[in-house]
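Understanding the architecture of this molecule
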Amino acid sequence: MKSALTTLWSDFWSERNAREKMLCITLGLISSIALLYSLLWMPARSGSARLMAKLPVMERELAQMQEQARQARELGRRPANIAPLGDGLRDALMTSLAQHGMSNAQLSVLNGAVQIKLTNVFFADWIGWLDEIRKQYKLQIAEAQLIRLNEDGQVNLTALLQAPSVR
């Protein structure tokens, strides 16, 4: 088969004069260039233009994904602050109060809330402890009663702490 095609081509080419040969070569080059342009260059150029148009959107999406990844890493490093319930919460609060020098507290659990009674404590110490508990256990004050004592900054207090969902 191959020899037949080679023979056919050599017969065809030998019958052509110089002008026809030049015309065939020129037409072959022009059609090759047109074929390469339509199959390779034009699709690459139009694809490049589409990608350049999409690039700003893709950059914004990348920045958004990087920010979300940073937030996910940050959340992964945070300890899970799961507040204990009932007696576990009461024990955790007693331990925390003792660590802050307020060991004279009376705590009782009432329907998921914790009632705290403290006598003769510094108001600033109480507020500092309360802020820490708010951050750690997500507890909030539902009610509070404070009585100022004669010494500056000293109070007697009764407070009811509960999680926001208990209200």
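Scroll up for the structure.
The present account deals with the structure reproduced in this document.

About the thresholds
- Residues numbered from 1 in each chain as written.
- Predicted model: local features only at pLDDT ≥ 70, side-chain atom pairs only at ≥ 80, totals over all residues.
- Heavy atoms only, no water.
- Helix = DSSP H or I, 4+ residues; strand = E, 2+ residues; numbered from the N terminus.
- Expected span 1.5 Å × (residues − 1).
- Buried < 20%, exposed > 50% of the residue type's maximum accessible area, 1.4 Å probe, protein only.
- Arc of directions from axis to C-beta.
- Salt bridge = Lys/Arg side-chain N within 4 Å of Asp/Glu carboxyl O.
- Core = buried A, V, L, I, M, F, W, Y, C linked by side-chain atoms within 4.5 Å.
- Contact = heavy atoms within 4.5 Å.
- Phe/Tyr/Trp six-rings, centres within 6.5 Å; stacked < 30°, edge-to-face > 60°.
- Pairing = 2+ DSSP bridges.
- Axes fitted to C-alpha atoms, helices over the stretch in contact; angles between N-to-C directions.

1. Examining helix α4 (residues 123–137)
When the terminal C-alpha atoms of α4 are compared, their 20 Å separation across 15 residues agrees well with the 21 Å that a helix rising 1.5 Å per residue should span. Along α4, the residues that are buried comprise W126, W129, L130, I133 and Y137. Seen end-on, α4 carries its buried residues on one side only, within an arc spanning 105°. Positive backbone phi, approximately 60°, marks K138, located one or two places after α4.

2. Here we look at the pattern of salt bridges
Side chains carrying opposite charge are able to pair once their charged atoms draw close together. Scanning the model with the defined rule gives 6 salt bridges in all. Between E20 and R16 there is a salt bridge, and its shortest N-O distance comes to 3.8 Å. Across the pair R134 and D131 runs a salt bridge whose closest N-O atoms are separated by 2.6 Å. Linking R134 with D131, this pair stays in helix α4, spanning 3 residues, or about one helical turn. On the basis of relative accessible area, R134 is assigned to the partly exposed category, the value being 42%. Classification of D131 as partly exposed rests on a relative accessible area of 30%. In the salt-bridge network here, residues are joined through shared partners; they are E67, R70 and E74.

3. Regarding the nonpolar core
L93, L97, I116, L118 and W129 are the most contacted members of the largest nonpolar core, which totals 21 residues. Contributions of two or more residues to this core are made by α3 (86–99), β2 (113–122), α4 and β4 (154–162). A per-element tally of this core places α4 first, with 5 residues. In this structure, I116 is in contact with L97, Q106, L107, W129, L157, T158, A159 and L161, ignoring residues within four places of it in sequence.

4. Side note on the packing of aromatic side chains
Going through the model one piece at a time under the given rule, you end up with 3 aromatic pairs. With a centroid separation of 5.5 Å and an interplanar angle of 20°, the aromatic rings of W9 and W13 are classed as stacked. Of the two residues, W9 and W13 both sit in helix α1 (residues 2–14), 4 residues apart, roughly one turn of that helix. Taken together through their ring pairs, the aromatic side chains of W9, F12 and W13 make up a single cluster.

5. Re the sheet that holds strand β1 (residues 106–110)
Either a parallel or an antiparallel arrangement is found when strands of a sheet pair, and the pairing is made through backbone hydrogen bonds. On the basis of which strands lie adjacent, the open sheet formed by 4 strands has the order β1-β2-β4-β3 and antiparallel pairing. The sheet is open, and its two edges are formed by β1 and β3 (140–148), each paired on a single side. The sheet shows a mean angle of 15° between the axes of neighbouring strands, direction not considered. Where β3 lies against β4, 8 bridges are found, and the strand directions are antiparallel. Along β4, the bridge assignment pairs A144 with A159. Packed on one face of the sheet, α4 meets β2, β3 and β4 and runs near 150° to β2.

6. Some details on unusual backbone geometry
Positioned with a positive phi, N120 is a non-glycine residue whose angle comes to about 55°. Note that N120 resides in strand β2. A relative accessible area of 46% places N120 in the partly exposed class. Within the chain, K138 stands out as a residue other than glycine whose phi angle is a positive 60°. When you line up the elements, K138 lands in the loop between α4 and β3. When its relative accessible area of 46% is taken as the criterion, K138 is described as partly exposed.

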